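# Observations on the model geometry
Chain residues, written in single-letter form:
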Amino acid sequence: MQRIEHIYINGEFVMPHGQEWFDLHNPSTEEVIGQVRLGDECDAQRAIAAAKAAFPAWSRTTRAERVAALKRMHRAIAAREDELMEAIVREYGAPSERGRWMATYPADVIVQAIDVLEAFEFEEQAGIARVILTPVGVAGLITPWNSNAGFICNKLATALAAGCTAVIKPSEMSAMQTQIVAQALHEADLPHGVFNIVNGRGDVVGEEIARHPDVAKISFTGSSAVGQHLVSTGAATMKRVTLELGGKSPTVVLDDADFASIMPLVLQAGFANSGQACIAGTRILVPRRRLAEFEQVAKEAVSLIKSGDPRDAGTAIGPMVSAKQWERVQSYIRLGIQEGARLLAGGEGRPDGLHAGWFVKPTIFTDATNQMRIAREEIFGPVLTLIAYEDDADAIAIANDTRYGLSAVVLGQDLERCGQVARQIDSGRVLVNTLAHEPRAPFGGFKHSGLGREMGKWGMSAYLEPKTLLMEPGQPGRRRH
Ligand code: NAD
């Protein structure tokens, strides 16, 4: 049983003022495997004060100094890959392939931030003005449980690259990953106070960050409901807010697609991260005249997908992170049946032969409409919904008939037609015949899927305020072009 007692403030592991202990579970067995002591409002305030005190010096560091610090951070995190992998499997239940990606991503994303920083233009000329991009101040970074270490490293590396200091409120359910990241960052020997980590509940520590006047910006990844709440709370102190929220992403299968060859992509997109992925392609739009054929191919393919022990190399879908999440997914499966959709695969309960662990059967509904709640609400589990469409225009209309707009996949043989469909989908990212990722491109959502962007120069700009400098002609400081 691991006990995580300390939080990290001003370059030190310190005892929190908060007294509450929170149980950490292994979702594959349901056993309690650890406990984390949660910080409270006082701890959040101490962390914010430390970040505020560190800001003037850090914001004035040179590009070279920041690059050097990020390189130390990268080395320290990369050295912990195997430890992170073990924590991710134990505490989150990621299957091995996904788990390995989640253990390498935190280091990779720091390299990506270094690349952005090295090429970033902090100043440019606009007519007779000099525009200087200035770090916004202390950033509050709030992460969810479905890729905690990766989100911490991405947000922190970008904030530091921009010259901001940070207070991190990680998911309380991912404390083992947080502990490994905190130890690595401590070894990276960054100036005291530039980053601080406070484990705690969202409505306690997260809330304090959201209302505190010394926090200038929030970068949040999580549910749309909490994201909206942060915007309204942050408005009182005029916080800059970047939100990466949920999705109900469409996978548009065009009528010339070869179903056998695209099905692995369809299912990988839908069941990504055991279905607990904001970008998961959970609405599969299929041409009505080929629906029966698609159902047949999908049913065969899904019967080969194993949901179970994440340590088993053949497992594609691990457990849901918590009992609450398992119950939520089960309730949506019952809802789909009540709404009149037909189960093509899966259904309620655990997969055959499993008697413990928060495992869900890979589930596909068909005979569904886009108005059903299973097609409109984010389930966050391995539950997909097939929706028939008439022609390309209908497919685009259904794809866009959602409050979300994070990601979309278009699959078909005619690339020009795929491209035309892709351009008409209202979504932060559209993937055509691929599930590739491009870290230099912006990531984020339209509509309720978010606000602003992360990654690349767009992600960095979100931590900066443009300052326009106009000087009397001939005065020092004005550059002539
Ligand atoms: P959540 O919104 O419940 O929690 C996310 C974080 O916010 C946690 O650290 C939580 O403690 C904190 N929080 C909760 N209430 C808060 C409050 N009042 N003030 C401040 N912080 C608060 O989400 P979750 O259940 O941890 O994660 C799942 C959700 O995250 C899904 O909806 C998913 O779509 C979304 N998500 C989005 C992305 C993306 O990049 N767009 C990526 C992963 C997950």
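Computed from a predicted model, the values in this text were never measured in an experiment. (Residues numbered from 1 in each chain as written. Predicted model: local features only at pLDDT ≥ 70, side-chain atom pairs only at ≥ 80, totals over all residues. Heavy atoms only, no water.)

### Some details on the UniProt feature "domain: Aldehyde dehydrogenase" (unreviewed entry) in the protein chain
Here the UniProt-annotated "domain: Aldehyde dehydrogenase" (unreviewed entry) positions come out as residues 15-468. Counted over residues 15-468, helix gives 42% and strand 21%. Its end C-alpha atoms are 44 Å apart. (UniProt positions renumbered as here; feature names shortened; annotations may be inferred. Helix = DSSP H or I, 4+ residues; strand = E, 2+ residues; numbered from the N terminus.)

### Looking at the UniProt feature "active site" (unreviewed entry) in the protein chain
Mapped onto the present numbering, the UniProt feature "active site" (unreviewed entry) falls at Glu 244. Here Glu 244 shows up in strand E12 (residues 240-244). Here Glu 244 is in contact with Phe 220, Thr 221, Gly 222, Phe 443, Gly 444, Gly 445, Ser 449, Gly 452, Arg 453 and Glu 454, once residues within four sequence places are set aside. (Contact = heavy atoms within 4.5 Å.)

### Considerations on the packing of aromatic side chains
For the structure shown, the criterion picks out seven aromatic pairs. Measuring from ring centre to ring centre gives 5.5 Å for Trp 145 and Phe 380, while their planes differ by 75°; the resulting arrangement is edge-to-face. One end of the pair, Trp 145, is in the loop between strand E8 (138-142) and helix H5 (148-162); the other, Phe 380, is in the loop between helix H12 (373-376) and strand E19 (383-389), with 235 residues separating them in the sequence. Take Trp 145: its relative accessible area is 15%, and that puts it in the buried class. Relative to Phe 294, the ring of Phe 259 lies with its centre 5.1 Å away and its plane at 80°, an arrangement referred to as edge-to-face. One end of the pair, Phe 259, is in helix H9 (residues 259-270); the other, Phe 294, is in helix H10 (residues 291-303), and 35 residues separate them in sequence. Ring pairing ties together the aromatic residues Tyr 8, Phe 13 and Phe 195, which thus form one cluster. (Phe/Tyr/Trp six-rings, centres within 6.5 Å; stacked < 30°, edge-to-face > 60°. Buried < 20%, exposed > 50% of the residue type's maximum accessible area, 1.4 Å probe, protein only.)

### So, the packing of helix H2 (residues 63-78) against H5
Packed helix pairs are specified by the crossing angle of their axes together with the interaxial distance, meaning the distance between the axes. Where H2 contacts H5, the axes come no closer than 9 Å and their chain directions differ by 160°. Comparing their axes, H5 and H2 come out roughly antiparallel. At the point where H2 passes H5, the crossing takes the right-handed sense. In contact with Arg 66, Leu 70, Met 73 and Ile 77 of H2, H5 contributes Cys 153, Leu 156, Ala 157, Leu 160, Ala 161 and Ala 162. The class makeup of the residues in the contact of H2 with H5 is nine nonpolar, no polar and one charged. (Axes fitted to C-alpha atoms, helices over the stretch in contact; angles between N-to-C directions. Parallel < 35°, antiparallel > 145°, perpendicular 65-115°, else oblique. Left-handed = near helix turned anticlockwise from the far one by under 90°. Nonpolar A, V, L, I, M, F, W, Y, C, P; charged D, E, K, R; others polar.)

### Some remarks on the site of the ligand
Lining the immediate environment of the ligand, one finds 28 residues, of which Thr 143, Lys 169, Ser 223, Leu 245 and Glu 378 sit closest. Gly 222 places a main-chain nitrogen or oxygen 3.3 Å from an oxygen atom of the ligand. Against a free-state accessible area of 840 Å², the protein chains account for coverage of 88% of the ligand. Secondary structure elements with two or more residues in the shell around the ligand: helix H7 (202-211), strand E11 (217-221) and helix H8 (224-235). Partitioned by chemical class, the residues of the shell around the ligand number 13 nonpolar, ten polar and five charged. Split by domain, the shell around the ligand shows at least three residues from each of two domains, domain 1 (2-245 + 445-469) and domain 2 (250-432). (Near = heavy atom within 4 Å. Polar contact = N/O pair within 3.5 Å; in protein donor to acceptor, adjacent residues only side chain to side chain. Areas by Shrake-Rupley, 256 points an atom, 1.4 Å probe, with all protein chains shown as cover. Domains from an automatic or database assignment.)

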